[in-house]
Amino acid sequence: MKKLFPSYVRVPLIFAIVFGGMEYFIDSGDKPAFIEYPMVSVFLFVFLFLLIAIEIVVSAVDRVTYHLLTDEQRKQLEEAQSVSFTDSKFVQNLLSKLTRSKPIEQEGELMLDHDYDGIKELDNDLPPWWVNLFYATAVFAVIYLVRFHVMDAYTQAEEFEQEVQLANAELEKMKANSPKEEITLDKVVLLTDEASLARGKEIFTNACAACHKADGGGIVGPNLTDEFWINGGGIKNVFKLISEGSKNNPSMVAWNKTLESTDIQKVASYIMKLQGTKPAGAKPAEGEKWVEEVAPAETTATATDTLKVAAK
């Protein structure tokens, strides 16, 4: 039997709609739902198998039914299938109801008396869908006018403020449920544990190696393995530069919008670990030599009593 879409279009289309719907409604985090939840993959496989099986069964039934028809019925079926979808009675009746158009043979009944240099005008009715849409907009305009300008309902500015308050409340709720430590410049310290340095190396390789080379020897960016620094060395200066970027070099952008402060601390700590590694092919030194300031050790002064009291 004739169908609007062939099976090789219909099956992928239906499967894609179901697949997209499941990905939209199932919360699977950063991973696709069919990877995060194996049962989703099983369901999609079974669903696709059933779609193909149904198409095979329907096709077989159509063939059997066709062979059971008489010659007259087959002729009628072939004539019906030869009519395109746009020329079918269903489409023509639908267009007639939507447009109220009359066939070209009845144009004489619609002809007006106007004549402009031989150009005549037809008195066609407006399409019902257009007229109904116009009425709907007029009703909506009246309701809107009464509600927002006569009854003084909330304005768009007030609605925006309410939405912002709701969004901020939701954001605070999320922060409360999953608190994260915030590292600031005055609290940042050098990390030495293997887990933090491994994470710092991973971020450095993905985000920094393109300019500074994987070993820190420098390509476009400066060498990070020597004692010379353009913007100051030490964990605090490196943390600040990664977080806020460089004002003198637009290529060194601020990463505080992309990385968590804890990750920036780990990257800075990993960079400090590269000091003195002397990789092959490293760039020449740039900037000034940095000497870490060491806090003076606290000395305890011993008071000496110079007054001696003679024992009597």
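J.: How should the side chain of Asn223 be read in this particular structure?
T.: Of note, Asn223 is situated in the loop between α9 (194–212) and β3 (228–229). Take Asn223: its relative accessible area is 8%, and that puts it in the buried class. From its side chain, Asn223 meets the backbone oxygen of Lys283 in a polar contact 3.2 Å long. Other than its neighbours up to four places away in sequence, Asn223 contacts Gly216, Gly217, Gly218, Phe228, Ala282, Lys283 and Glu286.

J.: What's the story with helix α11 (residues 261–273) in this structure? I'm lost.
T.: Side chains three or four residues apart in an α-helix point the same way, a direct result of the helix having 3.6 residues per turn. Here α11 spans 19 Å end to end across 13 residues, near enough to the 18 Å set by a 1.5 Å rise per residue. With 10 of its 13 residues buried, α11 lies for the most part within the structure. Every buried residue of α11 is listed here: Ser261, Asp263, Ile264, Gln265, Val267, Ala268, Ser269, Tyr270, Ile271 and Met272. Residues of α11 that are buried sit in contact with α9, β3 and α10 (234–244).

J.: What is the right way to read the packing of aromatic side chains from this model?
T.: In this description, an aromatic ring pair is defined by two values, namely the gap between the centres and the angle between the planes. Counting across every chain of the model gives nine aromatic pairs. Plain terms: the ring middles of Trp130 and Phe134 are 5.9 Å apart, the flat faces sit at 0° to each other, and that makes the pair stacked. Of the two residues, Trp130 and Phe134 both sit in helix α7 (residues 128–150), four residues apart, roughly one turn of that helix. Take Phe134: its relative accessible area is 46%, and that puts it in the partly exposed class. With a centroid separation of 6.1 Å and 35° between ring planes, the pair formed by Phe140 and Tyr144 is classed as tilted. On the criterion of helical spacing, the pair formed by Phe140 and Tyr144 is a turn pair, its members being four residues apart in helix α7. What makes Phe140 exposed here is its relative accessible area of 57%.

Definitions and limits used
Residues numbered from 1 in each chain as written. Predicted model: local features only at pLDDT ≥ 70, side-chain atom pairs only at ≥ 80, totals over all residues. Heavy atoms only, no water. Helix = DSSP H or I, 4+ residues; strand = E, 2+ residues; numbered from the N terminus. Buried < 20%, exposed > 50% of the residue type's maximum accessible area, 1.4 Å probe, protein only. Polar contact = N/O pair within 3.5 Å; in protein donor to acceptor, adjacent residues only side chain to side chain. Contact = heavy atoms within 4.5 Å. Expected span 1.5 Å × (residues − 1). Phe/Tyr/Trp six-rings, centres within 6.5 Å; stacked < 30°, edge-to-face > 60°.

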